[in-house]
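So you can see what is in the structure, the chains are spelled out below.
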Number of protein chains: 2
Amino acid sequence: MKITIIGSGVVGQTLAAAFHSQGHQVWMATRNPDETAKRTVEDPQSGESFAHWHAENPGVTLVSFGQVPDGSEVLVNATGGMVSLDALDQIGADKIGSKVLLDVANPLDFSQGFPPTLAYCNTDSLGERIQQRFPGARVVKALNTVNFRVMVQPDIVPGAHNLFMCGDDPGAKEVVLGLLASLGWPRGRVLDLGGIGAARGTEMLMPLWLGLMVQMGSPIMNFEIRRP
Amino acid sequence: MKITIIGSGVVGQTLAAAFHSQGHQVWMATRNPDETAKRTVEDPQSGESFAHWHAENPGVTLVSFGQVPDGSEVLVNATGGMVSLDALDQIGADKIGSKVLLDVANPLDFSQGFPPTLAYCNTDSLGERIQQRFPGARVVKALNTVNFRVMVQPDIVPGAHNLFMCGDDPGAKEVVLGLLASLGWPRGRVLDLGGIGAARGTEMLMPLWLGLMVQMGSPIMNFEIRRP
């Protein structure tokens, strides 16, 4: 498929590399591709700079928000949740059209330090705001409840742990289920929570997730839903 | 131990019966014990009326909020989260003193129907509000992330699924860990998230929990935290 990852951080890098390695055509859209390409500062999470990552993944084409290919079949919102709507605005409603838009971000506000709060929740969510702002887009929320390493290597965590997915368009969910399966998440481990309103629940998992990360000393973990 | 359960709903009934069956002395505090005792309407969750439940559990002594025994070693807040502070106010700060106060409630607001929202979250929680209102109390938040049946019969759900616990007083947590172990939750399955501020995370799990309940058609489930 033709996939454009929006955002050049570790989440975007990880998903871009994974999808490209599976034979997809992958673009990465960022505000200023020239500046991004020169970034030599190591990311504290991956221990790698963007320049180093891109040298290892030359097949991923870096473009500006305005240069997102019209032919992209899937857009992946891998920007920070606080800037997602702004980034999508720069891509524009015309370009976004009725594409599948996989939203993996959380609206975490770190302006007051750690732990962050959610910029909005309870009666709203980033997933819903994206769907409202771009009514034609086929938004699917998924992957926002696991660390970037777990996203593409679920087996580093033992057990049949789960992902949560929601969105209003059944066809878009099928596309996302196919992509998730290729990342190592079999269909039965992806729990469909219904419409995009369920994004509230998965984004509101963040405070517990962060608390567990702190207490356990590692982000490499996940939730398995147990039932009789 | 001497345990007073605050609240006469299915959660309070379930915990009162379980603790009493283990040899604890158990009181149940409610606004109007005479009215509560006569309640013959079946609870939709348990399929049982209060009157029927109490006839089966005569060893649990029903008292008013004002009659909570001074000698109670543990108070359990099993009221609805929207009325918890009011109920605790009626018991009074003098009576609450420095007792262990196990808070199992969630501030779910059903006034706009289902699904409920949280009355407050993100920068606040019921656990924190209780601790702030009664600074001397040794508040521990736990058990608020499982259905009442799972609380006292964890084995109806397969796997080594988890409870979350938080609170500022280590001694109070030890007391709670002992009670949880007696309900079938071994120490290793109760994850300590730190201070009472972590109540935000566990209360904010509710929207996802409710979404899963709807999609799966049953509240008999739980989260298992998986890690390498």
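Figured I'd write up the structure that's included with this text. (Residues numbered from 1 in each chain as written. Chains lettered and ligands numbered in written order. Predicted model: local features only at pLDDT ≥ 70, side-chain atom pairs only at ≥ 80, totals over all residues. Heavy atoms only, no water.)

**Digging into the interface of chain A and chain B**
Contacts between chain A and chain B engage 34 residues on the former and 34 residues on the latter. Interface area for chain A against chain B, summed over the two sides, is near 2900 Å², with a carbon-plus-sulfur share of 69%. As a salt-bridge pair, B:Arg226 and A:Glu224 come within 2.7 Å of each other at their nearest N and O atoms. At the boundary of chain A and chain B, one finds nine residue pairs in polar contact (both at pLDDT 80 or more). Contributions of two or more residues to the side of chain A that touches chain B are made by strand S7 (117-118), strand S10 (190-192), helix H9 (199-203), helix H10 (206-216) and strand S11 (222-226) of chain A. In terms of residues, the side of chain A that touches chain B owes the most to one element, H10(A), which gives six residues. Inspection of the sheet shows S11(A) paired to strand S11 (residues 222-226) of chain B by five bridges, in the antiparallel sense. Opposite A:Asn222, over in S11(B), you have B:Arg226 as the bridge partner. (Contact = heavy atoms within 4.5 Å. Buried area = accessible area lost by both parts, 1.4 Å probe. Salt bridge = Lys/Arg side-chain N within 4 Å of Asp/Glu carboxyl O. Polar contact = N/O pair within 3.5 Å; in protein donor to acceptor, adjacent residues only side chain to side chain. Helix = DSSP H or I, 4+ residues; strand = E, 2+ residues; numbered from the N terminus. Pairing = 2+ DSSP bridges.)

**Overview of the side chain of B:His161**
Along the chain, the position of B:His161 falls in the loop between helix H7 (148-152) and strand S9 (163-167). In this structure the side chain of B:His161 is engaged in a polar contact, spanning 3.0 Å, whose partner is the backbone oxygen of B:Val157. When neighbours within four sequence positions are excluded, B:His161 is seen to be in contact with A:Arg226, B:Val150, B:Pro154, B:Trp185, B:Arg189, B:Asn222, B:Phe223 and B:Glu224.

**Quick word on the sheet that holds strand S10 (residues 190-192) of chain B**
All names here are of chain B. Strand order in this open sheet of eight strands is S3-S2-S1-S4-S5-S8-S9-S10, and the pairing throughout is mixed. Since the sheet does not close on itself, it has two edges, and those belong to strand S3 (61-64) and S10, each with one partner. Each strand of the sheet is rotated relative to its neighbour by a mean of 25 degrees, with strand direction disregarded. Helix H1 (residues 10-21) rests against strand S1 (2-6), strand S2 (25-30) and strand S4 (74-77) of the sheet, and its axis sits at about 165 degrees to S2. (Axes fitted to C-alpha atoms, helices over the stretch in contact; angles between N-to-C directions.)

**Quick notes on the packing of helix H4 (residues 84-91) of chain B against helix H6 (residues 126-133) of chain B**
Residue and element names in this part refer to chain B. The N-to-C vectors of H4 and H6 enclose an angle of 25 degrees; their axes lie 11 Å apart at closest approach. The orientation of H4 with respect to H6, classified from their angle, is roughly parallel. The handedness of the crossing between H4 and H6 comes out as right-handed. In this structure, H4 contributes Ser84, Leu85, Leu88 and Asp89 to the contact, and H6 contributes Leu126, Arg129, Ile130 and Arg133. Of the residues in the contact of H4 with H6, the class split is four nonpolar, one polar and three charged. (Parallel < 35°, antiparallel > 145°, perpendicular 65-115°, else oblique. Left-handed = near helix turned anticlockwise from the far one by under 90°. Nonpolar A, V, L, I, M, F, W, Y, C, P; charged D, E, K, R; others polar.)

**Examining unusual backbone geometry**
Peptide bonds are trans in most cases, and residues, glycine excluded, mostly fall at negative phi. All names here are of chain A. Here the amide bond leading from Phe114 into Pro115 is cis, since omega sits at -5 degrees, within 30 degrees of zero. With respect to the helices and strands, Pro115 occurs in the loop between strand S6 (108-109) and S7. Backbone geometry places Leu143, a non-glycine residue, at a positive phi of 70 degrees. Within the secondary structure, Leu143 is located in the loop between strand S8 (138-141) and helix H7 (148-152). Judged by relative accessible area, which is 1%, Leu143 ranks as buried. (Buried < 20%, exposed > 50% of the residue type's maximum accessible area, 1.4 Å probe, protein only.)

**Some remarks on the side chain of B:Ser64**
Note on placement: B:Ser64 falls in strand S3. Beyond its immediate chain neighbours, meaning those up to four positions away, B:Ser64 contacts B:Ala29, B:Thr30, B:Arg31 and B:Pro33.

**Some remarks on the relation of the copies chain A and chain B**
Superposition of chain A onto chain B requires a rotation of 180 degrees combined with a translation of 0.0 Å along the rotation axis, giving an RMSD of 0.0 Å. This pairing of chains is accounted for by a two-fold axis. Measuring from the rotation axis to each C-alpha of chain A, the shortest distance belongs to A:Glu224, at 2.5 Å. Most of the interface of chain A is mirrored in chain B, where 100% of its interface residues are also at the interface. (Least-squares fit on C-alpha atoms with pLDDT ≥ 70 in both.)

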